Structure formats: structure tokens, C-alpha cells
Amino acid sequence: MMDVCGKAKFFKFFIYDLLSKQSFGIIDRYRMWRNTRHMDKSVRGGRRMIKIILIILIILLILLIALVMWLSSFVMTGNRQTLDEAFTWQSEHYNTSFYEGLKKTEYTVSGYEGYELHVELLEDSESDTSSDKYIILSHGYTDNRRGSLKYVPMYLELGYKCIVYDLRGHGENEATFTTYGVREGQDLKLLIEDTRKRYSDISVLGLHGESLGAATTVTCLKYKPQIDFAVADCGFSDIDNVLREGYKNAHAPVFLVDLADVGAKIRYHYPLKEMR
């Protein structure tokens with residue numbers, strides 16, 4: 001009887017010990033699973049945060065690139081006036097009634113890199129048409145050859161025949177960007193050469209430029225064109241300083257000019273800082 005009781009107690013303690021060990025093993029495994037789960041959540045959370053940061057950075061980069069491209073486009077391809085719009089503006093601010101009575105001759109001239117320029121010769125039909133004095137008038141930014149009409153009466157009274165033309169990217173010319181005198185100066189040089197060939201009776205040939213036209217006129221002088229005088233009205237030495245002052249006066253961040261310069265170099269291959 002004692003052997004049976006002893007065996008029963010031994011078996012009882014054996015089962016108890018076995019269950020206790022298994023219980024601790026289960027608890028340990030549970031703890032390990034729970035810790036692993038927390039670690040997985042942390043890893044997934046970290047990866048999700050990295051993805052969010054990368055998406056934000058990509059969006060900011062895209063916005064920056066868009067801003068750079070837009071700024072350069074805004075500076076170099078401003079809203080151009082049509083011939084009618086320019087004539088209407090001139091008529092509202094100056095007397096343009098003389099224009100209808102002028103003798104007009106329209107033609108085109110091949111400019112820098114074969115770019116076609118629309119040109120117009122204006123002559124006083126009531127005066128001596130044998131005048132051998134000519135003046136080439138260059139208009140301002142976003143304007144066109146109609147923008148030079150305010151100067152025409154003065155030169156007609158002085159006995160000049162007036163040649164007005166659309167600067168590249170303006171008026172009736174093919175749309176393109178402005179280089180603030182760089183390519184425009186070479187266009188004017190070729191227009192001068194064409195004028196000398198087209199009108200062989202020239203005794204005096206002058207230039208008159210306003211704003212962008214003035215910068216174009218001054219830039220053209222470095223090519224030593226065959227002219228007798230030049231008038232530069234409201235010109236500028238380089239567009240970079242003009243833009244910086246303009247942004248300051250408008251209380252806009254000046255660093256935007258630097259962004260526009262980067263965009264101009266990338267998009268048009270003409271940095272603003274080299275337009276002088």
C-alpha cells in the first residue's frame with residue numbers, strides 16, 4: 001500500500017513540475033512574441049515615416065523646379081502686345097493721327113541665326129521723298145514696332161526716314177525668349193547691314209532705342225556698325241541688377257532672381273548674369 005501511495009505522490013509531483021516548466025516556457029514564448037511584435041511595429045512605423053519624408057522631399061523638389069522654370073519664363077518671355085494693342089496704347093498717350101498718312105513699306109530681314117525680323121519703313125508722303133537720312137528705332141520690352149511711333153514725328157520733321165521693326169520674340173516675329181540685348185544686338189547689326197545695302201543713297205544713318213531697345217542699341221555698338229550716331233533712352237547695363245532692384249522695390253525676396261538665373265541657364269542656355 002505504501003508503494004502505491006509513494007508512486008502516486010511521485011507521479012503527482014512529476015506532473016506538477018512538468019506543467020510548471022511548460023507554463024514558464026509558454027509565458028517566455030508569449031513575452032518573446034509580444035516584444036517581437038512591438039519591434040515589428042516600430043520597424044514598420046519607422047519605414048512608413050521614411051516614406052512620408054521622402055514623398056514630402058520629392059514634392060518640394062518638384063515645386064522648386066517648377067518655380068525655377070516659371071521664374072525664368074516670366075523674366076524672358078513676358079506677355080507681348082499685339083500690333084493693335086500697342087497702337088491703341090500709343091494713341092491713348094500720344095498723337096498718332098499722322099500714321100495713316102505716311103508712306104509705309106513692309107519687309108523682312110534675316111537676323112542672327114536666320115531669325116526673321118519684321119521691318120517697316122515710314123516716310124512722310126507730303127515731304128521730299130529724296131531724303132537720304134535714315135533712323136532705325138528699337139522699341140522696349142513686350143512692345144513692338146508700333147511702340148516707336150511716338151518718336152517718328154520728331155525724326156520726320158528733321159528730314160529722316162524712319163525704320164521701325166519688331167525685336168525678336170515681339171510683334172509679328174516668331175515667338176521666342178528675350179536675351180536683353182545679347183541676340184538682339186546681333187539682330188540689329190544685321191538690320192543695319194541690310195539697310196545699307198537696301199538703301200544705297202544713305203548719307204546719315206542713326207539708331208534710337210528705348211529701354212530694351214536702348215540696351216540692344218548699346219550692345220550692338222560693340223560690333224562697330226557703320227552708323228553716324230546713337231540715342232539710348234532708358235537703357236540698362238545688365239538685367240540682373242534691374243531685376244534685383246525691381247524685386248527690392250516690390251518687397252519680394254531677391255533670391256528669386258538667383259533662381260530665375262538658374263532656370264534661364266538650364267532652360268534657355270543664357271544666364272541672366274551674362275546678359276550685359
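Note that the structure is predicted; figures quoted are calculated from it, not measured.

Draft legend 1. Layout of the packing of helix H6 (residues 239-249) against helix H7 (residues 255-267). Between H6 and H7, the shortest axis-to-axis distance is 9 Å and the interhelical angle comes to 140°. Remark: the crossing between H6 and H7 carries right-handed chirality. Residue-level inspection shows Asp240, Leu243, Arg244 and Tyr247 of H6 in contact with H7, the latter providing Leu256, Val257 and Asp258.

Draft legend 2. Structural context of the pairing of strand E3 (residues 133-138). For E3, a buried count of five out of six residues is recorded, marking the element as mostly surrounded by other parts of the structure. Pairing analysis gives six bridges linking E3 to strand E4 (residues 160-165), with the strands arranged parallel. From the neighbouring strand, Tyr134 faces E4, where its bridge partner is Lys161. After leaving E3, the chain enters helix H3 (residues 152-157) and then returns to the sheet as E4, a path that is right-handed. Pairing between E3 and strand E5 (residues 204-210): six bridges, direction parallel. Directly across from Lys133, in E5, lies its bridge partner Val204.

Draft legend 3. Quick look at unusual backbone geometry. In the Ramachandran plot, Tyr180 falls in the positive-phi region, its phi being about 50° despite a non-glycine side chain. Mapped onto the elements of the fold, Tyr180 is located in the loop between E4 and helix H4 (182-198). Here Tyr180 falls in the buried class, since its relative accessible area comes to 7%. The backbone of Cys234 sits at a positive phi, close to 60°, despite the residue not being glycine. You can see Cys234 is positioned in the loop between strand E6 (229-233) and H6. Here Cys234 falls in the exposed class, since its relative accessible area comes to 57%.

Thresholds applied
- Residues numbered from 1 in each chain as written.
- Predicted model: local features only at pLDDT ≥ 70, side-chain atom pairs only at ≥ 80, totals over all residues.
- Heavy atoms only, no water.
- Axes fitted to C-alpha atoms, helices over the stretch in contact; angles between N-to-C directions.
- Helix = DSSP H or I, 4+ residues; strand = E, 2+ residues; numbered from the N terminus.
- Left-handed = near helix turned anticlockwise from the far one by under 90°.
- Contact = heavy atoms within 4.5 Å.
- Buried < 20%, exposed > 50% of the residue type's maximum accessible area, 1.4 Å probe, protein only.
- Pairing = 2+ DSSP bridges.
- Right-handed = clockwise from strand over helix to strand, strands pointing away.

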